[in-house]
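Listed below are the residues making up each chain.
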Amino acid sequence: FFKQKTAYEISTRDWSSDVCSSDLSKGTNRILQIGQVNPKETNQVFARMADRPFVFILSKSSLDPLGKLPERVRDRRLATFGSPSQITKIEFGGRGGEYRLEKQGEAWLACWGGSNRVADPARIHRWLDAVLNARANRFLPTEDPAKLGLAKPRMTAGFFWTVPSTNGAAHKNETLSFGEETKDEVYVQNSAITGAMATTVALSRETPENGTGWLERRLLPKDFGLIRGVIWSAGGQRREYRAGDDGRWLATGATTDTPEAAGYATRMQDLEVVRWTGAPAKKDFVKPEVELVLEGEGGKKTQVTVGRVLADGTAPVRREGGEFAGLVTRPQWDWLKRDPGTSPVAPTGR
């Protein structure tokens, strides 16, 4: 009549002998075995201690705290590394392909396709901080990993770091696997922890699927410097504006300054794309909405082309010589289309 369903290991100490003994940590472990429900009293179960032959009866309600105890005392962290600054490499895999982020001093590189590109260290640090501060909403069994999407994860992120040891440094690593998503949660499994966890879905959705998601989003390279001239073409119109030695911006042939053009240049200098989309697609720029020639100091010059607004409200943009095309928002597209001489003055273009 006794068939074990659950077992709890209980650690006890014998205080009856010498409570003044310095060895207070000495204890014994005993296993409580929970059997079937008492057929005569369904609110009771049979139980016994594994090292004792006799069976006794416990009320079901007395076992409730024991059943909830494992989840209450579990570490709810998704990752166990100490701080974002410890991480030296992150390896990603999944639907977006395989790539990695490598730390070089204070800088980070995004590596894929045999090439290394400068990544945005602030974005990486924010993401690592989000991973480190993420907590499990609840814990899940993994008897059926396919049901949770963990048999073939949508994405994996492997973290590598070192910690001090007696031999100098010990190498550590762990991998997070992201499975199926619900409206509010995503299922996650840590390679170093038993079972799976459900956490807020925002962490998964804020993790780029490919390497371009980690690149700095500034459209113009940092070494381009200050913009000193703008040649703007849109809707069959063409305008030219340049900054003089005195800092005043003038339209070609005009004698009065145009501060609006200075504001437009500042916005262009700070312009960031929403995200990079990969190699520019010719179809997006066959009939461009805006064409800009930006002139910098020392004879620097580059061309920026903006395409039509897409179904999601963004618009494609590319810079001459840039490896990737990007997307700008509808508000950004609106001011890019405006004549720089009539565009509202603004301190930034983000």
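Everything quoted here is computed from the prediction, not taken from an experiment.

## Brief notes about the overall build of the chain
The helix and strand tally for the chain stands at five helices and 21 strands. Sorting the 350 residues of the chain into buried and exposed places 37% on the buried side. Counting only contacts in the chain whose residues sit at least 6 apart along the sequence, the fraction spanning at least 24 positions is 54%. Working note: accessible area of the chain is about 20000 Å², and carbon and sulfur atoms make up 49% of it.

## Some details on the sheet that holds strand β6 (residues 99-104)
Within a sheet, neighbouring strands are paired by backbone hydrogen bonds and run either parallel or antiparallel to one another. Strand order in the open sheet formed by nine strands is β8-β7-β6-β5-β10-β11-β12-β13-β9, with antiparallel pairing between adjacent strands. This sheet does not close on itself; its edge strands, each paired only once, are β8 (115-118) and β9 (138-140). Here the average twist between neighbouring strands, direction ignored, is 30 degrees. Here β6 pairs with strand β7 (residues 107-112) via five bridges, running antiparallel. The partner of Lys103 across the bridge, within β7, is Trp108. Against the sheet, helix α2 (residues 121-133) touches β5 (87-94), β6, β7, β10 (155-165) and β11 (168-181), its axis set at about 80 degrees to β5.

## A closer look at helix α5 (residues 330-337)
For α5, the complete set of buried residues consists of Gln332, Trp333, Trp335 and Leu336. Elements that come into contact with the buried residues of α5 comprise β14 (227-234), α4 (259-270), β18 (290-296), β19 (301-306), β20 (315-319) and β21 (325-328).

## What about empty space enclosed by the protein?
Following the criterion strictly, the structure yields one cavity of 30 Å³ or more and no others. Its boundaries defined by the atoms lining it, the largest cavity holds a volume of some 40 Å³. The element contributing the most residues to the lining of the largest cavity is β5, with three residues. Taken together, the residues that form the lining of the largest cavity break down as four nonpolar, four polar and three charged.

## Re the layout of surface pockets
The calculated volume of the largest pocket comes to roughly 420 Å³. In terms of lining residues, the largest pocket is bounded by 15 residues, among which Glu216, Arg218, Pro221, Trp276 and Arg319 are the most central. By residue class, the composition of the lining of the largest pocket is seven nonpolar, two polar and six charged.

## Topic: the pairing of β11
Judged from the eleven bridges that link them, β10 and β11 form a sheet pairing that is antiparallel. Bridged to Phe159 within β11 is Glu174. Between β10 and β11, which pair antiparallel in sequence order, lie two residues. Looking at chain direction, β11 and strand β12 (residues 185-190) are connected through four bridges and run antiparallel. Counterpart to Leu176 in the pairing with β12 is Asn190. Connecting the antiparallel pair β11 and β12 is a turn made up of three residues.

## Points about the sheet that holds β18
Taken in spatial order, the eight strands line up as β16-β15-β14-β18-β19-β20-β21-β17 in an open sheet, and their pairing is antiparallel. Taken across any chain shown, the strands that pair with only one partner, and hence form the sheet edges, are β16 (249-251) and β17 (275-278). Within this sheet the neighbouring strands show an average axis-to-axis angle of 25 degrees, counted without direction. Lying on the sheet, α4 is in contact with β14, β15 (237-243), β16, β18 and β19; it crosses β14 at an angle near 95 degrees.

## A closer look at the confidence of the model for the chain
Per-residue confidence for the chain gives a mean pLDDT of 86, with 87% of residues at or over 70. Scored below 50 in pLDDT, residues 13-24 shows six contacts in the model against residues more than four places distant or in partner chains. Of the regions scoring below 50 in pLDDT, residues 346-350 engages in 16 contacts with residues more than four places distant in sequence or in other chains.

## Describing the pattern of salt bridges
Pairing is possible between side chains of opposite charge, provided their charged atoms come close. Under the defined criterion, the tally for this structure stands at 18 salt bridges. Between Arg100 and Glu102 there is a salt bridge, and its shortest N-O distance comes to 2.5 Å. Salt-bridge contacts for Glu289 lead to Lys337; the nearest nitrogen and oxygen are separated by 3.1 Å. Highlighted residues: Glu289 in the loop between β17 and β18 and Lys337 in helix α5, separated in sequence by 48 residues. When its relative accessible area of 31% is taken as the criterion, Lys337 is described as partly exposed. Each member of the salt-bridge network shares a partner with another, and the members are Arg154, Glu181, Arg205 and Glu209.

Thresholds, definitions, all that
Residues numbered from 1 in each chain as written. Predicted model: local features only at pLDDT ≥ 70, side-chain atom pairs only at ≥ 80, totals over all residues. Heavy atoms only, no water. Helix = DSSP H or I, 4+ residues; strand = E, 2+ residues; numbered from the N terminus. Buried < 20%, exposed > 50% of the residue type's maximum accessible area, 1.4 Å probe, protein only. Contact = heavy atoms within 4.5 Å. Areas by Shrake-Rupley, 256 points an atom, 1.4 Å probe, with all protein chains shown as cover. Pairing = 2+ DSSP bridges. Axes fitted to C-alpha atoms, helices over the stretch in contact; angles between N-to-C directions. 1 Å grid on protein atoms, 1.4 Å probe; cavity = no way out; pocket = protein on both sides within 12 Å on 5 of 7 lines; lining within 4 Å. Points joined across faces, edges and corners; volume = space filled by probe spheres on them. Nonpolar A, V, L, I, M, F, W, Y, C, P; charged D, E, K, R; others polar. pLDDT = per-residue confidence, 0-100. Salt bridge = Lys/Arg side-chain N within 4 Å of Asp/Glu carboxyl O.

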